[in-house]
Structure formats: C-alpha cells, structure tokens
Amino acid sequence: DDADFPDFTKAIEYSIATSGCWCNTRLQEKSTEFNKDKPNILETYLRITLGENNGESPGIPYVMEIWPIGHYSPIHSHASADAIIRVLHGNIFVELYPFLCADKDGVEPFANKTFHKDEITWISPTLNQIHKLTNLEKNEHTCITIQCYMYNDKNRSHYDYFDYLDVNGKVQQYEPDSDMDFVKFKELMKTEWTNRPRSFMDNVKHAFCPCCF
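Bear in mind that the values here come from a model prediction, so they are computed numbers and not experimental data. (Residues numbered from 1 in each chain as written. Predicted model: local features only at pLDDT ≥ 70, side-chain atom pairs only at ≥ 80, totals over all residues. Heavy atoms only, no water.)

## Points about the packing of helix α1 (residues 8–17) against helix α3 (residues 182–194)
Part 1 of the argument: Put simply, α1 and α3 touch, their axes get as near as 9 Å, and they point 75° apart. As far as their axial angle goes, α3 and α1 are roughly perpendicular. The segment α1 lies against α3, with Phe-8, Lys-10, Ala-11, Ile-12, Tyr-14 and Ser-15 engaging Phe-182, Phe-185, Lys-186, Met-189, Glu-192 and Trp-193.
Part 2 of the argument: A breakdown of the residues in the contact of α1 with α3 according to their chemical character gives 8 nonpolar, 1 polar and 3 charged. (Axes fitted to C-alpha atoms, helices over the stretch in contact; angles between N-to-C directions. Helix = DSSP H or I, 4+ residues; strand = E, 2+ residues; numbered from the N terminus. Parallel < 35°, antiparallel > 145°, perpendicular 65-115°, else oblique. Contact = heavy atoms within 4.5 Å. Nonpolar A, V, L, I, M, F, W, Y, C, P; charged D, E, K, R; others polar.)

## Some points on the nonpolar core
Part 1 of the argument: Counting residues in each nonpolar core, the largest one holds 21 residues, and the members touching the most others are Trp-67, Ile-92 and Val-94.
Part 2 of the argument: Not counting residues within four places of it along the chain, the set of residues in contact with Val-94 comprises Ala-111, Asn-112, Lys-113, Phe-115, His-131, Lys-132 and Leu-133. (Core = buried A, V, L, I, M, F, W, Y, C linked by side-chain atoms within 4.5 Å. Buried < 20%, exposed > 50% of the residue type's maximum accessible area, 1.4 Å probe, protein only.)

## Digging into the sheet that holds strand β7 (residues 131–134)
Part 1 of the argument: The 3 strands are arranged β5-β4-β7 in an open sheet whose pairing can be described as antiparallel. Looking at the sheet topology across the chains shown, the edges are occupied by β5 (111–116) and β7. With strand direction ignored, the average angle separating the axes of adjacent strands in the sheet is 20°.
Part 2 of the argument: Across 4 bridges, strand β4 (residues 91–96) lies against β7 in antiparallel orientation. Along β7, the bridge assignment pairs Phe-93 with Thr-134. (Pairing = 2+ DSSP bridges.)

## Section: unusual backbone geometry
Part 1 of the argument: Look at Ser-80: it is not a glycine, yet its phi comes out positive at around 60°.
Part 2 of the argument: Tracing the backbone through its elements, the reader meets Ser-80 in the loop between β2 (62–67) and β3 (82–89).
Part 3 of the argument: Phi angles above zero are rare outside glycine, and Asn-128 is one such case at about 60°.
Part 4 of the argument: Relative to the elements of secondary structure, Asn-128 occurs in the loop between β6 (120–123) and β7.

Pasting the structure below:
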C-alpha cells in the first residue's frame, strides 16, 4: 500500500474472494499445477514478477508471491540459488527440510518458524534450500511476500528448475513461471477495485474458500 494505491492489499483480498475476478480465477486454473491428476486449490499461490529472466537466476529474479489463507506450496528446493524473502503483508509459516525424499511418507521438517510483516529470511545453496511455505488457516489475511533470487558466483550449473514433491512423494520439476507482470497486475487490481459493487464492505474479512466454487 502506498500513496499511489493505498488500497492495494484490500484490492488483492477482494480479487481472491470474488468469483470472476482475476486472482480467484487464476488460483482455480492453477489447482492442477503440481499434481495433474489430483486438483488441489489449496496447493496454489500467485507469482507476480518484475523484470526479465536474464539467466542469472532460476526464472525471473524478482517475484511477489500471494498466499491466500490456508494455501501452501509443495515441499521444494531452489536450484541451489541464493534468495532473500521479505514478508510485505500478513505472515507465512516456513518449514525446513534436510532433503527432498522421493517416498510417499516423506521426511519430517527439522525446523519451522513464522515470519511476520517486514521480517526477512534467506536461502543459500547450503542453508534453508528446501522448504514448504503455508499461510495457516488460523490467519486473518492473505500473505504477500517478495522473493529475490540469484545464482552465486560459484554456481556454474545454473539449474533452471525448482524440484518439488508431488502428492505421491515423487520428485518433479517445476519451471518458475510468471502469472502476471507486476505493473500490469497493479493496474488490473486498481480496475477491479474501482469497479467493485458499492455494496461490498471494505472491512469484511475475506478468505478464498474452495467450497464456494
């Protein structure tokens, strides 16, 4: 939220909660992204990118990620890249894993922590490389984070995928993609927010509920 768009986070919450709006529609479209045969609306989040993929990172280096309440990522790694993650809105629960276990029973996390607004965590090739992110169901707000990725100077392989565990415990490849460019996304949120029904209550708590669709 800034002087240019003080209701940006409200607009994102509205778009998530409202059938026919972009965030709501895109999340439903992504329900098979990690498991083609078993749609799971909760295993989705939005990747809003800024800049171009110039080969110095897995995918576009600057990514704003949007995590509705109750949504989470699969357990995944980060291509041995460095990264900094900052929470812009809400909070996110992070679980750290020692390795990706190609077994349906998986492996238990060795640490976890909740990061709140303005807090920062990081990833390196040897620290925090494998994790799962969750916006817990008990939370009141969508979580919004910003990630900055880059291969370090010693990285010569430049592996372009995030590996993740699917619902069967098998390791799969995920190519970091973009759901929309940040500038276009901000303009779209302004449009949806401006055109929302006047009966909409700005202070109502919203959650993206798969049972409603």
